[in-house]
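Coordinate analysis (summary)
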Amino acid sequence: STECQTSQQSHTHSNTLNLIPAQHKVTNMTEDNPTVVLISSDSERYEVPLKVARMSEVVNSLFPEDSDDPIEPEVPCPKVSGPILKKVVEYCKHYQDEAMQKIETPLQGKTVEEIVKPKWYADFCKVDREVMFQLVAAANFMNIKPLLDLTCLAVSVSIKGKSVEELREIFNLPAPETQQGDGKDDSDAECGTDDDEEME
């Protein structure tokens, strides 16, 4: 029974992204499959193939052109949380096997499902609005253009047709302040002037 549980745990771990505590991390820099470690703002560490990590221009800039020898094998992502970095890595890994078609303008449809191909990328966008906003910020920070295009499209589609009040709520914007106080002061001033004239 113990051996069976151990086997199941090992199988489950092999199907997840490679998330390894810092004290046990050994970067694999073999010539055939070089890797780098992406570190989130909350210190989660993801070992990913260099080919995948190069989708980020931030990562790509750390490597000499046409070289697999990193200047720094660990890349901090201080503005990206662990769960969001995991989604970013998921996107970049899938992109290697099935590239997303370029999003053309004018847009060829009204929904993400109609515009984005293949379908996997439309399904990738089915997350809470707050998560999508964080993905936009992560794609912008890491400079991953295809992901930035996708997430910006998803946000724009989700807010299309919304009222001003709804947009304020979505983006957490305060309502404009009214200036009723000025009118009240003017009224008081006029009353005061009339009283002064009567006294004279």
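For the structure given in this document, a descriptive report is provided here. (Residues numbered from 1 in each chain as written. Predicted model: local features only at pLDDT ≥ 70, side-chain atom pairs only at ≥ 80, totals over all residues. Heavy atoms only, no water.)

What follows deals with the side chain of Thr151. Structurally, Thr151 can be placed in helix α8 (residues 145–159). The class for Thr151 is buried, based on a relative accessible area of 0%. (Helix = DSSP H or I, 4+ residues; strand = E, 2+ residues; numbered from the N terminus. Buried < 20%, exposed > 50% of the residue type's maximum accessible area, 1.4 Å probe, protein only.)

Right, let's talk about the side chain of Ser56 for a bit. Mapped onto the fold, Ser56 is located in the loop between α2 (50–53) and α3 (57–60). Residue classification places Ser56 among the buried residues on the basis of a relative accessible area of 2%. Of the polar contacts made by the side chain of Ser56, one reaches the backbone oxygen of Met142; its length is 2.6 Å. Ignoring sequence-local partners within four residues, the contact set of Ser56 consists of Met142, Asn143 and Ile144. (Polar contact = N/O pair within 3.5 Å; in protein donor to acceptor, adjacent residues only side chain to side chain. Contact = heavy atoms within 4.5 Å.)

Our focus in this paragraph is helix α7 (residues 129–142). Compared with the 20 Å implied by 1.5 Å per residue over 14 residues, the 20 Å span of α7 between its first and last C-alpha is a close match. Among the residues making up α7, those that are buried are Met132, Leu135, Val136, Ala138, Ala139 and Met142. Axial view of α7: buried residues confined to an arc of 165°, hence all on one face. Away from its buried face, by an angle of more than 90 degrees, α7 presents the exposed residues Glu130 and Asn140. Here the buried face of α7 lies against β1 (35–39), α3, α4 (82–97), α6 (119–124) and α8. (Expected span 1.5 Å × (residues − 1). Arc of directions from axis to C-beta.)

These figures come from the coordinates and say nothing about function on their own.
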